[in-house]
Structure formats: structure tokens, C-alpha cells
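# Topology and contacts: notes
Here are the chains, one letter per residue:
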Amino acid sequence: EAAIRHYYSHIVVEEEQRLDTYPFEFAITMRFVQRYLAPGARLLDVACGTGRYADALLSAGYYVGASDLAEANVHRTQRRLHAGHDGVRPLFVRQANALDSSAYDGGPWDGILLLGPCYHLPTRQDRLAVLQPARASLTPGGVLSASFVSRLAVFWWGLMHWPEGIWDEVGVETPYHEGTGLNCAPPGVGLPNSYCCDPDELATLFQEAGLVVRHVCGTEGVFGGRVAHFHALPTPLRAAWFQCAVARCEAPVFR
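This one's a predicted model, so the numbers in the text were calculated from it and none came from an experiment.

## Thoughts on the packing of helix α3 (residues 23-36) against helix α4 (residues 52-59)
For the pair α3 and α4, interaxial distance at closest approach is 12 Å and the crossing angle is 45°. Accordingly, the angle class assigned to the pair α3 and α4 is oblique. Relative to α4, the crossing made by α3 is right-handed. Contact residues: E25, F26, T29, M30 and V33 in α3; R52, Y53, A56 and L57 in α4.

The following block contains the structure:
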């Protein structure tokens with residue numbers, strides 16, 4: 001917990017800019033939230049970061065509660081949402097750990113966003129300890145949106161940042177088979193307590209958590225680690241690639 005709080009307390013600016021860097025993630029996430037939940041629904045954004053999703057959902061007419069583990073993110077979200085939208089203020093903005101059942105207080109919720117916690121939970125039991133209380137806090141027919149980092153990210157990130165990591169045989173085999181023990185980064189660099197999934201692992205995880213899977217999407221598509229190429233494109237080409245990433249997000253090749 002302390003490592004994650006420290007990490008996010010020191011990258012507030014980067015977190016604030018992340019959805020500008022990866023705009024397809026925001027578009028895809030909002031597309032599915034709005035597909036299943038009409039304005040007026042009650043949503044909980046767990047690990048809300050700097051509050052950009054909570055802000056957009058408030059603006060779209062949802063009732064939103066938000067929480068984060070890092071105090072810096074909580075303060076940024078409080079400032080962002082303080083004015084509200086058309087007089088609608090957030091239900092609350094609070095500090096909370098997604099592993100604590102109290103993080104889901106205030107329900108039942110029509111929708112819950114878990115867009116951050118799961119890729120910081122190396123053990124399966126901890127991932128279930130987040131998914132199960134979230135499931136229990138939903139209304140009948142409620143929708144949970146959860147994000148994971150693909151195991152492929154370990155290798156493209158390592159190739160870009162610390163290619164020497166490939167010489168560590170154990171350090172390669174462990175993330176390859178288990179999604180933990182990131183070796184392709186110098187000590188102290190990279191996501192703390194990271195877990196990178198094989199997408200085929202998710203079906204049994206969600207089943208054990210009592211969830212029925214409606215969609216599995218790739219929210220970065222072909223752009224993981226290559227997003228600078230996307231932003232360097234002229235506007236018409238950038239728009240075409242953006243549309244491709246959003247429209248085909250469920251294609252297996254993009255997952």
C-alpha cells in the first residue's frame with residue numbers, strides 16, 4: 001500500500017495527462033458505461049486518479065462517488081469536482097483502499113469503475129478481494145468495469161527502457177508465466193506491485209468473483225508503447241486510427 005501511495009503521489013501531473021496521451025481508453029470506457037447505464041445512475045469510481053472519469057460522468061448526468069488511495073489524487077479530484085455540474089456535486093470524494101470493504105460503502109451502485117487496482121495486485125486472492133466486494137455492492141443487473149495490463153506490456157516496456165533485463169532468465173520466465181516480478185526495469189522504476197495478465201486468465205477470475213463477462217476490450221489497441229507515433233500523425237490519419245482502435249476494441253488481435 002505504501003509503495004503505491006508514494007508512486008501516485010509523485011506522478012499527479014503524468015496521471016492528469018494520461019487520458020490525453022491515450023484518448024482511446026477514455027472513449028472506449030465511456031462508450032460501454034453509457035451503453036448500459038443511463039444518466040441518473042449511481043456510479044462509484046474506485047481508484048479515481050485525478051478525477052477525469054468522475055468529472056466526465058458527472059457532466060453526463062450520473063451521480064458519482066469517487067475514491068483513491070493517494071492523498072494527492074484525492075485532493076486533485078476534490079478541486080476538480082468542487083464546482084459540480086449544473087448544480088450536481090459528487091456524492092463524495094474520499095481516500096480509500098480498494099482492498100477494504102469500506103471502499104464500496106454508499107451502495108448499492110448501478111455501476112462501479114475499477115480501472116486502477118487490479119494491475120497493482122500480484123496475488124490472485126487480492127484480485128478476488130477487490131472484485132468480490134465490488135460485485136456484492138452492485139444493484140441487480142449492475143455493471144462493473146475493470147482494467148488490467150496485458151502481459152505483453154512487460155516485454156515492450158522492457159525493450160524500450162531496460163533491454164538488458166532479457167539476460168535475466170528467471171526475471172523473464174516469472175513475468176512470462178505469472179505476470180509478476182517485472183525485471184525489465186532498473187530497481188525502483190516501473191509500476192510498484194505490478195501484475196500483468198494473460199487475457200485468457202480473466203474468464204476464471206471473473207467467474208470465481210461471481211461476475212458474468214459481457215465484453216473484453218483492448219483499450220490501447222495497437223498503440224501500447226507506440227502512442228507517440230499516433231500523436232505525430234496528421235489529423236485525418238490520427239482520426240482514422242482512433243476510430244479503428246475504438247470500433248475494433250473487442251477484436252482478439254487488439255486484446
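Still more to cover.
## Structural notes on the packing of aromatic side chains
Under the definition given, this model contains eleven aromatic pairs. On the numbers, 4.7 Å between centres and 15° between planes, the contact of F24 with F223 is stacked. Remark: F223 occurs in the loop between α9 (202-208) and α10 (227-232) and F24 occurs in helix α3; sequence separation between them is 199 residues. Look at F24 and you get buried, because its relative accessible area is 0%. A relative accessible area of 6% means that F223 is categorised as buried. With 5.1 Å between their ring centres and 75° between their planes, F24 and F230 make a pair best called edge-to-face. One end of the pair, F24, is in helix α3; the other, F230, is in helix α10, with 206 residues separating them in the sequence. Take F24 and F230: they sit in the same class, and that class is buried. Three or more aromatic residues link up through ring pairs in this structure, and these residues are Y22, F24, F223, F230, W241 and F242. Here the basic side chain of R42 rests over the ring of W109, its NZ or CZ set 4.6 Å away from the ring centre. Cation over ring: R94 sits above F92, and NZ or CZ is 3.8 Å from the ring centre.

## Brief notes about the pairing of strand β2 (residues 63-68)
β2 sits mainly inside the fold: five of its six residues count as buried. Examined bridge by bridge, strand β1 (residues 42-46) and β2 share five bridges and lie parallel to one another. Counted as the bridge partner of V46 is S67 from β2. Taken together, β1, α4 and β2 constitute a β-α-β crossover, and its handedness is right-handed. Relative to strand β3 (residues 92-95), β2 is paired through four bridges, and the arrangement is parallel. Among the inter-strand pairings, G65 is bridged to a residue of β3, identified as F92.

Conventions adopted
- Residues numbered from 1 in each chain as written.
- Predicted model: local features only at pLDDT ≥ 70, side-chain atom pairs only at ≥ 80, totals over all residues.
- Heavy atoms only, no water.
- Axes fitted to C-alpha atoms, helices over the stretch in contact; angles between N-to-C directions.
- Helix = DSSP H or I, 4+ residues; strand = E, 2+ residues; numbered from the N terminus.
- Parallel < 35°, antiparallel > 145°, perpendicular 65-115°, else oblique.
- Left-handed = near helix turned anticlockwise from the far one by under 90°.
- Contact = heavy atoms within 4.5 Å.
- Phe/Tyr/Trp six-rings, centres within 6.5 Å; stacked < 30°, edge-to-face > 60°.
- Buried < 20%, exposed > 50% of the residue type's maximum accessible area, 1.4 Å probe, protein only.
- Lys NZ or Arg CZ within 6 Å of the ring centre and 35° of its normal.
- Pairing = 2+ DSSP bridges.
- Right-handed = clockwise from strand over helix to strand, strands pointing away.

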